[in-house]
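Read off the chains here:
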Amino acid sequence: MVEPAVEYAGLGFAYGADRWALRELSTTIPAGQLTALIGHTGSGKSTLMELTDGLLLPTSGTVTVFGQQITAATKKKELAPLRKKVGFVFQFPEHQLFADSVLADVMFGPQNLGANPTSAKEAATAALTRLGLPAALFDRSPFELSGGQQRRVALAGVLAMNPQLLILDEPTAGLDPTGQAELLSLITELKAQGLTIIMITHQMEQVARLADTVRVLDGGQLVFAGTPADLFAQPDLLAAHHLTPPAAVTFAKQLDWAAADPQPLTAATLAAQLAKQLKGGTGNG
Amino acid sequence: MISVEKLTFTYPHQEAALFEDLSLTIPDHQWVAIVGRNGSGKSTLARLIAGLLPTPAGTITVNGLPVDEDHLAALHQQLGFVFQNPDNQFVGATVADDVAFGLENRRVAPQKMPTIIERALAQVRMTPFKAARPEELSGGQKQRVALAGALALKPAVLILDEATSMLDPQGRGEVLSQLASLRQQGELTIISITHDPAEVALADQVIVLDQGQVRRQDSPERVLTDVALVEAVGLVQPFALRLKAALQAQGVAVPATITTEGELVQWLNQQLNTRG
Ligand SMILES: Nc1ncnc2c1ncn2[C@@H]1O[C@H](COP(=O)(O)OP(=O)(O)OP(=O)(O)O)[C@@H](O)[C@H]1O
Ligand SMILES: Nc1ncnc2c1ncn2[C@@H]1O[C@H](COP(=O)(O)OP(=O)(O)OP(=O)(O)O)[C@@H](O)[C@H]1O
Ligand SMILES: [Mg+2]
Ligand SMILES: [Mg+2]
């Protein structure tokens, strides 16, 4: 088995006395795969990612990222090498933006990692273009942009740094549908290039389509680790943790047919199975 | 009614106008969804209607009130606004204070406030966080509190700028059904800016903005089934319509007249039963 990119062992985190946001959490994030991190509002997803990026330190237990162990005793300066490998796009992109212009904002990362201005500018321009931000906006203050445009700049800023582990906290929130579709295909491409990706999302369609593996949090505890197909085959588990299945599952339940195996999770796979039954006459293939 | 007439607006330091001679009407007591690409002008339009930007005099009226300096206080008595980023919303030191602040501005009697605050927070399941500071909340918790604050005001016009974008599916469903029932009771005009097809489908009307212009104002059914429009402005269709398109692509001849989930389920079941 390949080394996991991240390993959590007995991890606990409290925001101040007795305000535990995570408890006794142990699991791994496989390298080179896309892990979806899901759970209802306040379940601890963003907190777990802040611990993974070293923005927060564990209260108890450990986080190990690419072999580097982080504990309550880890010093801030020991985290510098980690920051070069981990890119984190925050839930609220505004929290990430700071420079006077869009271009300067995105160039900051590569320059900070030692790139000269020319190559930093190249990396920034490429990333912004990849995220569909019109060049006319490059010189504008990032604070004079629309919400979706700011999200694109924040994503570009992290991508321009070429991280090995990419953490995306609800990356499609605020993007228009075209932007969402483009981002999802970009994520697929990055994974094909070998990146490890952790994506927090409330959209079960995205989990069904993109995730190799899923981790579910509830009340700061890990309550599921496995594949999307496994997760969505357990309606009781979903209901117990206030989750809903993808629309394809809910839709298929209303049909008079023997549930197909594997259960279709997307519009495309559901359509393919229905077409087969309607044309073939019988059987689930 | 909200009426926008010949509105021209340019942001400071910008050369090009975002809106030029924009006109539209939002009827009373309806739920109107505003959709369009990133940067098409949705949030700006909402802020201009709410008088949160220097709205050019004589261009916008809300329930008969002109949106200008002289009428700003009166206008704000009528409006509830949930911003795209809830961090821009909070003024109170705690969650409860934050809801109270809006009520104080409305001159709600102090003895009535605790009950209103309790109810508003319970509606969004945030009662346990009453004493928390806004910066101690998760993203979805912030959105819930922002919604509670706006709903507590019982505004005549409620403007929601992507107010459910970070809610979990259950929370989003709850908020949308609360809005649907408020609208059912009448008296409330809802303007919701959204990229969520399920939210669009619930509205009475959809305004499609495209580069600062109204490309279409029509019912959700007609907007969402207009394939050319959907493609041109990059909308996403509800699941049933996406499934229908996928079935057609697989050679299943779903009749064009089928546009809702119920109709598609019924038609598919007929087909499945006659084949079986
Ligand atoms: N700075 C803080 N101080 C105190 N408590 C906090 C702080 N940040 C988060 N919390 C609490 O910790 C819990 C987990 O929050 P977290 O932001 O990790 O949730 P989340 O799963 O990302 O939720 P969402 O989907 O709403 O973004 C929540 O109950 C939240 O109120
Ligand atoms: N403060 C500002 N100064 C200058 N230009 C701005 C400012 N705010 C927004 N803009 C520009 O005005 C246009 C419309 O922005 P607006 O925020 O209204 O878009 P939107 O439709 O809400 O987009 P989104 O879906 O991304 O939130 C965009 O091109 C944006 O860059
Ligand atoms: Mg979060
Ligand atoms: Mg906006």
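Q: Teacher, can you tell me more about the coordination of the magnesium ion (ligand 3) here?
A: Residue and element names in this part refer to chain A. Protein-derived ligands of the magnesium ion (ligand 3) are Ser46 (OG) and Gln91 (OE1), with the metal-ligand distances lying across 2.1 to 2.3 Å. A residue pair is termed long-range when its members are at least 10 positions apart, and Ser46 in helix 1 (residues 45–52) and Gln91 in the loop between strand 6 (86–89) and helix 3 (102–112) qualify at 45 residues. The class for Ser46 is buried, based on a relative accessible area of 18%. According to the relative accessible area criterion, Gln91 is buried, its value standing at 10%.

Q: Is there a simple way to explain the site of ligand 2 in this structure?
A: Residues in contact with ligand 2 amount to 21 residues; listed here are only the nearest, A:Ser146, A:Gly148, A:Gln149, B:Lys42 and B:Thr44. Neighbouring residues of ligand 2 are not confined to one chain but are distributed across chains A and B. Contact between ligand 2 and A:Gly148: an oxygen atom at 2.7 Å from a main-chain N or O atom of the residue. When ligand 2 sits alone it has 640 Å² of accessible area, and the protein chains cover 90% of it.

Q: I would appreciate a short explanation of the domain arrangement of chain A in the present structure.
A: You'll often see interface size given as the accessible area lost when the parts meet. Residue and element names in this part refer to chain A. Annotation of chain A at the domain level lists domain 1 (4–245) and domain 2 (246–285). Placing the centre of domain 1 and that of domain 2 at their C-alpha centroids yields a distance of 33 Å. With 10 residues of domain 1 in contact, the opposing surface of domain 2 contributes eight residues. With both sides pooled, the region where domain 1 packs onto domain 2 buries about 630 Å², and carbon together with sulfur makes up 68% of that total. Of all residues in domain 1, the largest losses of buried area upon contact with domain 2 belong to Glu205, Phe232 and Pro245, amounting jointly to 61% of the total for that side. Taken together, the links from domain 1 to domain 2 amount to zero salt bridges. Tallied by class, residues from the side of domain 1 that touches domain 2 come to seven nonpolar, one polar and two charged.

Q: What exactly am I supposed to notice about the interface of chain A and chain B here?
A: At the interface, 44 residues of chain A touch 44 residues of chain B. Taking both sides of the interface into account, the surface hidden between chain A and chain B amounts to around 3900 Å²; carbon and sulfur atoms contribute 59%. At the junction of chain A and chain B, the tally comes to one salt bridge. Linking chain A with chain B are 17 residue pairs in polar contact (both at pLDDT 80 or more). Going through the elements one at a time, helix 5 (147–159), helix 6 (177–192), helix 10 (247–253) and helix 11 (267–280) of chain A are the ones with two or more residues in the side of chain A that touches chain B. With nine residues, the top contributor of residues to the side of chain A that touches chain B is helix 11 of chain A. Taken together, the residues that form the side of chain A that touches chain B break down as 16 nonpolar, 18 polar and 10 charged.

Q: I'm lost on the layout of surface pockets in this one. Help?
A: Considering only enclosed or pocket space, the second largest pocket measures out at about 1400 Å³ in volume. If you trace the second largest pocket, you find 48 residues lining it, with A:Arg140, A:Leu145, A:Ser146, A:Gln149 and B:Gly39 closest to the centre. Counting only elements with at least two residues in the lining of the second largest pocket, the list comes to helix 5 of chain A together with helix 1 (42–49) of chain B. It is helix 5 of chain A that contributes the most residues to the lining of the second largest pocket, five residues altogether.

Q: Explain the domain arrangement of chain B to me, please; I cannot follow it from the model alone.
A: Residues and elements named next belong to chain B. Annotation of chain B at the domain level lists domain 1 (2–236) and domain 2 (238–276). Distance between the C-alpha centres of domain 1 and domain 2: 35 Å. Contacts between the two partners involve four residues from domain 1, matched on the other side by four residues from domain 2. Around 350 Å² of area is buried between domain 1 and domain 2 when both sides are counted, 86% of it from carbon and sulfur atoms. If you sort the residues of domain 1 by the area they bury against domain 2, Leu224, Thr225 and Val236 come out on top, with a joint share of 70%. Across the contact surface, domain 1 and domain 2 share zero salt bridges. Viewed at the interface, domain 2 and domain 1 are joined by zero residue pairs in polar contact (both at pLDDT 80 or more). A per-class count over the side of domain 1 that touches domain 2 returns three nonpolar, one polar and no charged.

Calculation rules
Residues numbered from 1 in each chain as written. Chains lettered and ligands numbered in written order. Predicted model: local features only at pLDDT ≥ 70, side-chain atom pairs only at ≥ 80, totals over all residues. Heavy atoms only, no water. Donors = N, O, S within 2.8 Å, 3.2 Å for Na, K, Ca; no water. Helix = DSSP H or I, 4+ residues; strand = E, 2+ residues; numbered from the N terminus. Buried < 20%, exposed > 50% of the residue type's maximum accessible area, 1.4 Å probe, protein only. Near = heavy atom within 4 Å. Polar contact = N/O pair within 3.5 Å; in protein donor to acceptor, adjacent residues only side chain to side chain. Areas by Shrake-Rupley, 256 points an atom, 1.4 Å probe, with all protein chains shown as cover. Domains from an automatic or database assignment. Contact = heavy atoms within 4.5 Å. Buried area = accessible area lost by both parts, 1.4 Å probe. Salt bridge = Lys/Arg side-chain N within 4 Å of Asp/Glu carboxyl O. Nonpolar A, V, L, I, M, F, W, Y, C, P; charged D, E, K, R; others polar. 1 Å grid on protein atoms, 1.4 Å probe; cavity = no way out; pocket = protein on both sides within 12 Å on 5 of 7 lines; lining within 4 Å. Points joined across faces, edges and corners; volume = space filled by probe spheres on them.

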